[in-house]
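Each chain is listed here by its residues.
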Amino acid sequence: MVGVMEDKTVGYINGINGSVITINGSPDFKMREMVIVGNSKLIGEVIAIRGEDVIAQVYEITTGLKLNEPVIGTKKPLSVTLGPGIIGNIFDGIQRPLEKIRDLSGAYINRGLTVDRLDTDKKWDIEIKVKKGDYLTGGSVIGEIQESEAVIHKVMVPPFVEGEVIKLKESGSYTINEVLAVLKDKRHENEIRMLQEWPVREARPYKDRQTPKQPLITGQRVFDTMFPIAKGGTGAIPGGFGTGKTMTQHQFAKWSDADIIVYIGCGERGNEITEVLEDFPELIDPKTKRPLMERTILIANTSNMPVAAREASIYTGTTLAEYYRDMGYHVAIMADSTSRWAEALREISGRLEEMPAEEGFPAYLSSRLSEFYERAGFVTNLNESEGSLTVIGAVSPQGSDFSEPVTMNTKRFVRCFWALDKQLAYERHYPAVNWSNSYSEYIDELALYYKNNVAPDFMEKRTMVSALLQEESKLMEIVKLIGSDILPDEQKLVLESCKVLRQGFLQQNAFHEDDTYVPIKKQYLMMDLILKMHEKAKTLVAKGIPVSVIRKTEVFNDLIKMKYSIDNTHLEKFKELETSIFNKLNELSMKYER
Amino acid sequence: MKLEYMGLNEINGPLVVLDGIKGAANEEIVEITSNGKKRLGKIVQIKEDAVIIQVFEGTSDLSLTNTTTKFTGYPMMMPLSEEILGRILNGTGKPIDGLGEVYAEDKRDINGMPLNPASRKYPRNYIQTGISSIDGLTTLIRGQKLPIFSGNGLPHNKLAAQIVRQAKISGENFAVVFIAMGVQYDVAEYFKQSFQESGVLEKVVMFLNLANDPVVERIITPRCGLTVAEYLAFEMNMHVLVIMTDMTSYSEALREISSSKNEIPSRKGFPGYLYSDLASLYERAGMLKDREGSITQIPILTMPNDDITHPVPDLTAYITEGQIVLGRELHQRGVYPPVTILPSLSRLMKDGIGEGFTRNDHPDLANQLFASYAKVQEIRALASVIGEDELSEIDKNYMRFGKHFEDYFIAQDHDEERDIEQTLDLGWTLLGLLPKGELDRLNAGLIEEHYKEVDERSIQVKGF
Ligand SMILES: Nc1ncnc2c1ncn2[C@@H]1O[C@H](COP(=O)(O)OP(=O)(O)OP(=O)(O)O)[C@@H](O)[C@H]1O
Ligand SMILES: [Mg+2]
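Residues numbered from 1 in each chain as written. Chains lettered and ligands numbered in written order. Predicted model: local features only at pLDDT ≥ 70, side-chain atom pairs only at ≥ 80, totals over all residues. Heavy atoms only, no water.

### Points about the overall build of chain B
Quick reminder of the rule: Strands are runs of DSSP state E lasting at least two residues, helices are runs of H or I lasting at least four, and both sets are numbered from the N terminus onward. Here the radius of gyration uses the C-alpha set of atoms, whereas the globule reference equals 2.2 Å times the residue count to the power 0.38. Each residue gets one of three labels from its accessible area relative to the maximum for its type: buried under 20%, exposed over 50%, partly exposed in between, using a 1.4 Å probe on protein chains only. By the convention used here, residues are in contact when the closest approach between their heavy atoms is within 4.5 Å. For every accessible area listed, the method is Shrake-Rupley and the probe measures 1.4 Å; residues are considered covered only by the protein chains on display. Residues counted as positive are Lys and Arg, residues counted as negative are Asp and Glu, and His and the chain ends are not counted. Charge positions are represented by NZ for Lys, CZ for Arg, CG for Asp and CD for Glu.
Scanning chain B for helices and strands turns up 13 helices and 21 strands. Expected size for 464 residues packed as a compact globule is a radius of gyration near 23 Å; at 25 Å, chain B falls within 12% of this value. Considered along the principal axes of its C-alpha atoms, chain B spans approximately 80 × 50 × 40 Å. Here chain B holds 464 residues, and the buried ones make up 63% of them. Here the contacts in chain B between residues at least 6 apart in sequence split such that 72% fall between residues at least 24 apart. Here chain B displays about 16,800 Å² of accessible surface, and carbon together with sulfur accounts for 46% of that area. Charged side chains of chain B number 47 positive and 66 negative; the gap between the two group centres comes to 2 Å.

### Some remarks on the domain arrangement of chain B
Reports often express the size of an interface as the amount of accessible area lost when the parts come together. Residues and elements named next belong to chain B. For the record, the criterion: Domain start and stop positions are those given by an automatic or database domain assignment. Note on terms: buried area is the combined drop in 1.4 Å-probe accessible area of two parts once they are placed together, counting the loss on both. Identification of polar contacts relies on pairs of N or O atoms within 3.5 Å, with a donor-acceptor requirement for protein atoms, meaning one able to donate a hydrogen and the other able to accept it, and with residues adjacent in sequence counted only if both atoms are side-chain atoms. Only Asp, Glu, Lys and Arg are considered charged, only Ala, Val, Leu, Ile, Met, Phe, Trp, Tyr, Cys and Pro nonpolar, and every remaining residue, Gly among them, polar.
You can read the domains of chain B as domain 1 (3-74), domain 2 (78-351) and domain 3 (362-462). Of note, the centres of domain 1 and domain 2, computed from C-alpha atoms alone, are 30 Å apart. Across the contact, ten residues belong to domain 1 and nine residues belong to domain 2. Of the roughly 940 Å² buried between domain 1 and domain 2, counting both surfaces, carbon and sulfur atoms make up 66%. For the domain 1 face of the interface with domain 2, the top three residues by lost area are Pro-14, Gln-54 and Phe-56, together amounting to 47%. Taken together, the links from domain 1 to domain 2 amount to two residue pairs in polar contact (both at pLDDT 80 or more). For the side of domain 1 that touches domain 2, the residue count by class is five nonpolar, three polar and two charged.

### A look at a nonpolar patch on the surface
Our working definition: Any residue with relative accessible area above 30% and no salt bridge may belong to a patch, with like charges joined within 9 Å and the nonpolar Val, Leu, Ile, Met, Phe, Trp and Tyr side chains within 5 Å. Put simply, a salt bridge is a Lys or Arg side-chain nitrogen that is within 4 Å of an Asp or Glu carboxyl oxygen.
Taken together, the side chains of A:Ile478, A:Leu481, A:Ile482, A:Ile486 and B:Val385 present a nonpolar region at the surface, about 460 Å² in accessible area. With three residues, helix α11 (residues 458-482) of chain A is the single largest residue contributor to the nonpolar patch. Note on placement: A:Leu481 falls in helix α11.

### Re the packing of helix α2 (residues 156-166) of chain B against helix α3 (residues 185-197) of chain B
All names here are of chain B. Quick note on the threshold: Lines fitted to the C-alpha atoms define the axes, with helices restricted to the stretch that makes contact. Angles between their N-to-C directions range from 0 to 180 degrees. In what follows, roughly perpendicular refers to angles from 65 to 115 degrees, roughly parallel to angles under 35, roughly antiparallel to angles over 145, and oblique to any angle outside these ranges. Here a crossing is taken to be left-handed if its near helix is turned anticlockwise relative to the far helix by less than a right angle, and right-handed if that turn runs clockwise.
At a minimum axis separation of 10 Å, α2 and α3 run at an interaxial angle of 25 degrees. With respect to α3, the element α2 is oriented roughly parallel. When you trace α2 past α3, the crossing you get is right-handed. On the side of α2, the interface is formed by Asn-157, Lys-158, Ala-160, Ala-161, Val-164 and Arg-165, while α3 contributes Val-187, Tyr-190, Phe-191, Ser-194 and Phe-195. Class assignment for the residues of the contact of α2 with α3 results in seven nonpolar, two polar and two charged.

### Side note on the sheet that holds strand β15 (residues 179-184) of chain A
What holds strands together in a sheet is hydrogen bonding between their backbones, with the strands either parallel or antiparallel. Residue and element names in this part refer to chain A. Test applied: Between any two strands, at least two bridges found by DSSP are needed for them to pair.
Taken in spatial order, the four strands make up an open sheet running β10-β13-β15-β16, and their pairing is antiparallel. Of all strands in the sheet, those bounded by a partner on one side alone are β10 (135-136) and β16 (189-193). Pairing geometry for strand β13 (residues 163-168) and β15, over four bridges, is antiparallel. Among the inter-strand pairings, Lys-167 is bridged to a residue of β15, identified as Val-182.

### A closer look at helix α8 (residues 405-413) of chain A
For α8(A), every residue scored as buried is listed here: A:Pro405, A:Val406, A:Thr407, A:Asn409 and A:Thr410. In this fold, the buried residues of α8(A) make contact with β19 (234-238), α6 (338-351), α7 (365-374), β24 (386-395) and β25 (416-417) of chain A.

### A short note on the sheet that holds strand β12 (residues 151-156) of chain A
All names here are of chain A. Across the sheet, which stays open at both edges, the four strands sit in the order β12-β11-β9-β14 with antiparallel pairing between neighbours. Of all the strands in the sheet, just β12 and β14 (172-174) have a single pairing partner and so form its edges. Averaged over all neighbouring strand pairs, the angle between strand axes comes to 40 degrees, with direction disregarded. Pairing geometry for strand β9 (residues 124-128) and strand β11 (residues 141-148), over three bridges, is antiparallel. By the bridge assignment, Glu-127 is partnered in β11 with Glu-144. The strands that helix α5 (residues 307-326) touches are β11 and β12; relative to β12, the one it contacts most, it runs at about 90 degrees.

Dropping the structure here:
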């Protein structure tokens, strides 16, 4: 980057309305420019220009701000700082490290703190991967750093920068600000450091987008088996309060087979972030055998933090995620909750006196949502590596009403919709995913993967499960009116087998050491065995054996308990269980024949 | 800046507008004097050189000419010291007990500052309230925010008072901050009495904004109270229990101000920022890594028309760590406390119960009770269609279980204190009304250890 002498843009505060201020006094402010507001130097961003009035949102609490205090333009859009030191860290909505802030200001977050987003003193060991004379382009990896035990950080040439390496440091220990290489193109000499900046609202470029074909395996049965999401896919988890959105996202963050997790606590509870901070360093990633924190990035704008930064937190998180995708990683974003983000948009829009659309939300709600989910994808990066960004957003519908604007609009842009159900949550059926209202549009794309990597008939079995559950819901309509006693036995069997499916398969106990994460192979074996039992029991019923008698053999209960009785590392026990179940059923059958 | 201005330019509901002001600070407190009476207000918006001020004590009797307005240069501050314990203050934090001003060791902005999540400590210690429906099924954790969702005429005050009386908040080092917003005089008096009877009055700070007090004042009452709570918890290392009632009145006050400002409403006329505003109160509960103390909040709210989807309960539950829901049906059947358990939830209980905290069987037992009781509701619905006599034998078992569960587990006397062992054992006894095969949330080991089939009569005879 070439240094230019900067003449500052300076204006003055002319109005304050909550987190939105009006600035007068300079025509030079630009849309989306980052500004430094007032004597206490708060961070803000220009969001509208109306004649003389420049309007900015302020990312910190505006209490005490006065009229006529100066506002200084930075000439840069709001950006994130990219480089080693992001993994395992916790940032606020505009990427200020919260642990550093704690060291500076104690338990509470004060205003106007200046902290480096990444540690500028720390030296990182880099292994240089290029040599002088190489011609590098955007995305080219110039060196590698072991950022955490689980993640190798690739120092890349920023997008749109290229040139021949004319100067190059040797492998060794450097800070993020030191120049590692100089690239010379036709016009410029570009300095490359570990650190680069990127505007948060701009998607980082890639070379090509691919159709997602691999599932993001989460270890959660109702997701992986019934409604799977692809790496690079989009999914939404809508649900009323207490239905399990956060628990589900925590489970995904813990156990999914992404390389890196970006967890964005957007307008939610402080304690939920603290929980991650306390638990993740203790939990071991089944894939890398390292503590989960070593692949996790946390962004926290809790519900009591300033609302404008809530709006930014989603973009900050997404940009960090894209940066790691560019290195060739599979990254998954958990955004909890996108509704709070939408509400932040609404609040700011209200203060701008924009014309509201539904329920006070701005008319651009839907385009903002679509832009956000559009940043997901399975891509070929600029440097030819493959990476993906999976985006999973929680939605908190007001009044648990799925027809409200955020849920409705989200539904248009995601391909997995996991509807959480209040009734199931009341029954403590967790995860409370409603199997009739939920869907995944990735089934076809992923079929081949499941076929080749799990079982040839995986998708057929899945369809059978779905069909059985559907039959059950129809029968339940009747049962509600007349009870189950007078149903014919083959229908009773459907109810009984579906009970096994619901309790033994769909329900999953996040607090059980084995059941919290179930390998996909085991998921298949469980589903398979339930279906086999059902088919066999059908033949017994056909012979006139009542379901009540079959129940006495305990086969249903054996299956409900198999999630606990067969642990994740002893899948060969499924054969034993199958034998035992078939023996019981055969015995009964023979007794009746006699 | 400490200037005085004569007159006003506009009066609109609780808001007044003053033109020609230079150097006013956002959210600064102003004093408006008219006819010798002083009221407080807060700057809520600054435009060019006009400021909009929200007047806490209301604007009645103000005119454009009869006022002087003084700018204090500061946001609202609360004087703090340990001597505040035992005091009674009004909705703006001024003593009304005739004992003079509170000696101030420290003063703090009542709006507080956001707690850094990296400074929090995740709450894990349970508080025994002696109430089975709470201890067993929606366990209260020290540092939790757990509201009571109630309706008009339901015994939420009685329940809250019982919790305060029985909660073993741990030894001497506890305090109660009681915050009344728009409640009747009787209610405040009831709590005072009950604190007196249990001999904790000198550990209580009461903030009273009663039904006939200015509506707008309600906005600052909880902030004053929570500032005191933070001081006691994090400077004096005390375990503080905060009761805030009624959050619905609070929210309605917020709605009133918002509509005077002509803001675009979201649901039911409430402002779009109701969520963030409520969060700025509820999130002040919790624990800190490097401090001993804690703030446990029990906000109380009345659900208009018993509607849990109303914005106030709905947004509250999206912020708090669960909710205890009271139901009219149980209340009418004479069940006290009428805790409707299915929609009730304690989110923090998962890390604060079980082995090493309460008892190893607690999590699974609670799950089983929830699941079985959910089944009871289904069967009751069926019974209302086909008649109870037509139910299958198993379903009849559930009907019996449901009734006894309500009568013996949920119901208890308002001065009855059950320890956690009693509560859990009682749960097991009641499960004895169901055949073993129905207990699908419990593993064989637990069933072996605790389950004993009982018949209905033995439960009735024993009477508990
Ligand atoms: N998979 C699960 N296993 C066990 N318990 C669960 C599971 N999912 C949810 N729960 C229970 O439900 C409670 C609420 O879940 P969670 O906090 O995830 O809800 P939420 O949908 O995020 O609610 P809110 O919108 O209010 O944040 C948890 O505290 C836990 O007790
Ligand atoms: Mg949540």
